[in-house]
Amino acid sequence: MSKIIGEALPNIPFEARPAGSQAVIWRSVQNPIIPQDLLSRSNSIFNSASVPFEGGFAGVFRCDDQARSMDLHIGFSEDGINWKIEEECLSFENEAENPEIFRYEYRYDPRVVKIDGRYYISWCNGYHGPTIGLAYTDDFKHFYQMENALLPYNRNGVLFPRKIQGRYMMISRPSDTGHTPFGDMFISQSEDLVFWGMHRHLMSTIKSNASAWQSTKIGAGPVPIETDEGWLLFYHGVLNSCNGFVYAFGAALLDLEEPWKILYRSQDYLMSPREIYERVGDVPNVIFPCAALSDAETGRIAIYYGAADTVTGLAFTELDLVLNWLKTHAL
Ligand code: BMA
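Residues numbered from 1 in each chain as written. Predicted model: local features only at pLDDT ≥ 70, side-chain atom pairs only at ≥ 80, totals over all residues. Heavy atoms only, no water.

To continue, consider the overall build of the protein chain. Along the backbone of the protein chain there are three helices and 21 strands. In terms of overall size, the protein chain behaves like a compact globule, its C-alpha atoms giving a radius of gyration of 18 Å where 331 residues would be expected to give roughly 20 Å. In terms of its C-alpha atoms, the protein chain occupies a principal-axis envelope of roughly 55 × 45 × 45 Å. Scored against the burial criterion, the 331 residues of the protein chain give a buried share of 58%. In the structure as shown, the protein chain presents an accessible area of about 13600 Å², 50% of it carried by carbon and sulfur atoms. Taking the average place of the 27 positive charges on the side chains of the protein chain and the average place of its 41 negative ones, the gap between the two points comes to 6 Å. (Helix = DSSP H or I, 4+ residues; strand = E, 2+ residues; numbered from the N terminus. Rg over C-alpha atoms; globule rule 2.2 N^0.38 Å. Buried < 20%, exposed > 50% of the residue type's maximum accessible area, 1.4 Å probe, protein only. Areas by Shrake-Rupley, 256 points an atom, 1.4 Å probe, with all protein chains shown as cover. Lys, Arg positive; Asp, Glu negative; His and termini not counted. Charge placed at Lys NZ, Arg CZ, Asp CG, Glu CD.)

Set out below in structure tokens:
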């Protein structure tokens, strides 16, 4: 039995594996749990994040509106499945402070993490190209934007949930200006969440037939889950098919003290588009995980993912299942 290092979450949204199924991961029967039109002007709600908050859950949602602007909205839920998302997009208390730095052209793909009692949001922030935006809140009412963490072009900035070796650590995925022909993950380190350095290469795409689902680009998904065996990271990978990109996700286990050291990395994907809402939408054949809730007591894990850039789905696994699978399906 492996253990999740963290808090118990008895009210984690969870459904038992369907009877008779040998699946390592299974989808909620309520999928898609968030429809595209939950807001009066939304075109799509996907690639979104959720954390336990005040006995229920708080979330930061990527909502593209009917002008096709990409922005972030706050939401709350009692059960992690039925959400009330605010109509107004997220605004910052300190917006006027430094408009040149804090202005943004768009915001998307948020992640949320609690570190030392404070909630941090990271997202893809349009600042002369996509880069990693950062903000914090203590109450999900007042939000404070911080300096962008890294230079453009960069996406998929994901913080670890605690300091490691005395430093904050963040995974990111630098790239070029287009739909990149490459895309590797790095870990950057910081003492204050403002100045980032000591960049370490984490992983590259696999340029071979052996693991083609991750041959075009990769990017960190949810905040890594701490276990007694290492950091469990779910990450997306992209295949370039003759009909366009296919976004799937797999898993890796990273060393606890030097997380740029990979203990296991999955050869197979864990989940790839199969259901109609994952295959058909504004961008077909995309599943894109941005958050995972976990219960240290039972090892249960619930993963939120965007489906076809249109709606949000939920999938479930358990720590032992996913670690056994990872060890027997590793590159
Ligand atoms: C990536 C990001 C994601 C999106 C995906 C598929 O580059 O922009 O937000 O889900 O493409 O369109």
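In this section: the nonpolar core. Counting 36 residues, the largest nonpolar core has Trp83, Ile85, Val112 and Phe140 as its most contacted members. Every element with two or more residues in this core is listed here: strand 2 (42–53), strand 3 (56–65), strand 4 (70–77), strand 5 (83–85), strand 7 (118–126), strand 19 (287–294), strand 20 (300–307) and strand 21 (311–318). It is strand 3 that provides the largest number of residues to this core, a total of five residues. When sequence neighbours within four positions are dropped, the list of residues in contact with Phe140 reads Val51, Phe53, Ala58, Val60, Ile74, Phe76, Val112 and Tyr119. (Core = buried A, V, L, I, M, F, W, Y, C linked by side-chain atoms within 4.5 Å. Contact = heavy atoms within 4.5 Å.)

What follows is about the sheet that holds strand 11 (residues 168–174). Strand order in this open sheet of four strands is 10-11-12-13, and the pairing throughout is antiparallel. Only two strands of the sheet have a single partner each, and these edge strands are strand 10 (154–159) and strand 13 (197–203). Recorded for the sheet is a direction-independent mean angle of 25 degrees between the axes of neighbouring strands. Two elements, strand 11 and strand 12 (residues 185–190), share five bridges in a ladder whose sense is antiparallel. Directly across from Met169, in strand 12, lies its bridge partner Gln189. (Pairing = 2+ DSSP bridges. Axes fitted to C-alpha atoms, helices over the stretch in contact; angles between N-to-C directions.)

Contacts to the ligand come from 11 residues, most closely from Asn47, Arg62, Asp109, Tyr247 and Asp309. Arg62 places a side-chain nitrogen or oxygen 2.7 Å from an oxygen atom of the ligand. In isolation the ligand has 310 Å² of accessible area, and contact with the protein removes 86% of it. Of the residues belonging to the shell around the ligand, the class tally is five nonpolar, two polar and four charged. (Near = heavy atom within 4 Å. Polar contact = N/O pair within 3.5 Å; in protein donor to acceptor, adjacent residues only side chain to side chain. Nonpolar A, V, L, I, M, F, W, Y, C, P; charged D, E, K, R; others polar.)

For the rest of this paragraph, the subject is helix 3 (residues 319–328). Along helix 3, the positions that sit buried rather than exposed are Leu319, Val322, Leu323, Trp325 and Leu326. All buried residues of helix 3 fall inside an arc of 160 degrees around its axis, so they share one side. (Arc of directions from axis to C-beta.)

Our focus in this paragraph is the environment of Ile276. Tracing the backbone shows Ile276 in helix 2 (residues 276–279). Between the C-alpha atoms of Ile276 and Phe61, which are 215 residues apart in sequence, the distance is 22 Å.

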